[in-house]
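# Reading the structure
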Amino acid sequence: MWVLMYVFSYSVSPAATSDKAEWRLLPTVVFQEFSSEDRCKSAKMALEGSLKHAGDKLRSGLEDLKSVGKADPVQLIIAYNVECLPK
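First things first, this report covers the structure right here in the doc. Because the structure is predicted, anything quoted here is derived from the model rather than measured.

The next thing to look at is the sheet that holds strand β3 (residues 76–86). Spatial ordering of the open sheet is given by β2-β1-β3, a layout of 3 strands whose pairing is antiparallel. Both outer strands of the open sheet, β2 (28–34) and β3, are each paired with one neighbouring strand and no more. Taken over all neighbouring pairs, the strand axes of this sheet differ in orientation by 15° on average, direction set aside. Taken strand by strand, helix α1 (residues 37–67) contacts β1 (2–12), β2 and β3, and its axis lies near 175° from that of β3.

Below, the structure written as structure tokens:
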């Protein structure tokens, strides 16, 4: 058996908001079991691609907001890690 572990978190720069509760959200951790390493690696590649695409769209939206003075992409930090681990 193989386990796909997926960790996702994001944080907001303290300069972006005075609400300390918004500075860092707790990370989300997800585990999913797979019967083979190949299936796990395939899921890992798909998930990484999806996360990259979502991050690119988010940054693009923030760039649009930056152009009207409402946000700045450097104020948001997105982090994720996807691993296939033997069980």
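Another aspect to go through is the state of the cysteines. Evaluated as defined, the whole model comprises 1 disulfide. Here Cys 40 engages in a disulfide with Cys 84; their sulfurs sit 2.2 Å apart. The chirality of the disulfide connecting Cys 40 with Cys 84 is left-handed, given an S-S dihedral of about -110°. Of this pair, Cys 40 sits in helix α1 while Cys 84 sits in strand β3, and the two are 44 residues apart along the sequence.

About the cut-offs
Residues numbered from 1 in each chain as written. Predicted model: local features only at pLDDT ≥ 70, side-chain atom pairs only at ≥ 80, totals over all residues. Heavy atoms only, no water. Pairing = 2+ DSSP bridges. Helix = DSSP H or I, 4+ residues; strand = E, 2+ residues; numbered from the N terminus. Axes fitted to C-alpha atoms, helices over the stretch in contact; angles between N-to-C directions. Contact = heavy atoms within 4.5 Å. Disulfide = S-S within 2.5 Å.

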